[in-house]
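Below are the chains, spelled out letter by letter.
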Amino acid sequence: MAARRDDVDGLSAQSAPRHALPRWRIVRYADDFVVLVHGERAHVEGLREDVADVLAPIGLRLSESKTQVVHMCDGFDFLGFRIRWKRKRGTNKWHVYTFIADRPVRSLKAKIRALTRRTSQQDPGTVLIRLNQIMRGWANYFKHAACKRTLSRLSHFVWWRVIGWLRTLHRWRWKDVRRRFTTPSGRWKPITVDGIALFNLAAVPVTRYRYRGNTIPNPWTLPNHARTAGTVESPVR
């Protein structure tokens, strides 16, 4: 790709007619990346071949099972998120939405099930601590997606798993559960064991990620990044 940098830059140059050449952007994290193309499918297929040619000299290749060409209306998974272009409900406006993909949700549920098996005899306080650690870290990662409904459903799922396990562990009847986890007015209280409250996924504030683009500090945004990069010494001796 670097060898053809001038040609590639021309694809997104402002001076190029928009009806003549496609425009593209690459989003990368470590060795995972996605290329967004505003153009025809033939343009995407050609760019895919260019990417494969660039990776070949450094001993890398595109995974056939993971590399796909899809339309934004169909969506794609990237770093645990489901990114899709869809119409906003109740309007005729179309936006790109970032949801939580199915796989991370299934993985979280599997971990919760493993900790709340009905036959488990673990200490409830220890289990709640571990559940809170898992759910808090998971929610902090995905809280920038459009996920309020997903978090609410997961909170409901976790509550019933924990309550079902506690009922089996302590041989509680339903009236015992209500006596321990409701207020005198009948409102439900958080599940608490030995002063440890169950983390509430539904209470996590969902905030959209603030796009920063090229304002993120990195060596390649410096005016003379080529000369600067050449003067940096490797920490590995």
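Here's a quick rundown of the structure.

## Comments concerning the packing of helix α4 (residues 124-142) against helix α5 (residues 148-170)
In step 1: Running from amino to carboxyl end, α4 crosses α5 at an angle of 170°, the nearest separation of the two axes being 13 Å. In terms of their interaxial angle, α4 and α5 are classed as roughly antiparallel. Contacts between α4 and α5 involve P124, V127, L128, L131, M135 and W138 from the former and L151, L154, V158, V162, W165, L166, L169 and H170 from the latter.

## A closer look at the sheet that holds strand β3 (residues 76-78)
In step 1: Across the sheet, three strands lie side by side as β3-β4-β5; this open sheet has antiparallel pairing. Pairing within the sheet leaves two strands with one partner each, and these edge strands are β3 and β5 (94-100). Neighbour-to-neighbour, the strand axes of the sheet open up by a mean angle of 30°, direction not taken into account.
In step 2: The pairing of strand β4 (residues 81-87) with β5 spans seven bridges and is classified as antiparallel. By the bridge assignment, K86 is partnered in β5 with H95.

## Observations regarding the environment of L166
In step 1: Tracing the chain through its elements places L166 in helix α5.
In step 2: Through-space distance from the C-alpha of L166 to that of V177 is 8.9 Å; in sequence the pair is eleven residues apart.
In step 3: With residues up to four places along the chain from it excluded, the contact list for L166 reads P124, R171, W172, F181 and I191.

## Observations regarding the environment of I83
In step 1: Among the structural elements, I83 can be located in strand β4.
In step 2: By relative accessible area, I83 is classed as buried at 16%.
In step 3: In sequence terms I83 and I100 are 17 residues apart; their C-alpha atoms lie 8.4 Å from each other.
In step 4: The residues touching I83, leaving out its near neighbours within four places in the chain, are M72, G75, F76, F78, V96, Y97 and T98.

Cut-offs applied
- Residues numbered from 1 in each chain as written.
- Predicted model: local features only at pLDDT ≥ 70, side-chain atom pairs only at ≥ 80, totals over all residues.
- Heavy atoms only, no water.
- Axes fitted to C-alpha atoms, helices over the stretch in contact; angles between N-to-C directions.
- Helix = DSSP H or I, 4+ residues; strand = E, 2+ residues; numbered from the N terminus.
- Parallel < 35°, antiparallel > 145°, perpendicular 65-115°, else oblique.
- Contact = heavy atoms within 4.5 Å.
- Pairing = 2+ DSSP bridges.
- Buried < 20%, exposed > 50% of the residue type's maximum accessible area, 1.4 Å probe, protein only.

Shape descriptors only; they carry no functional weight alone.
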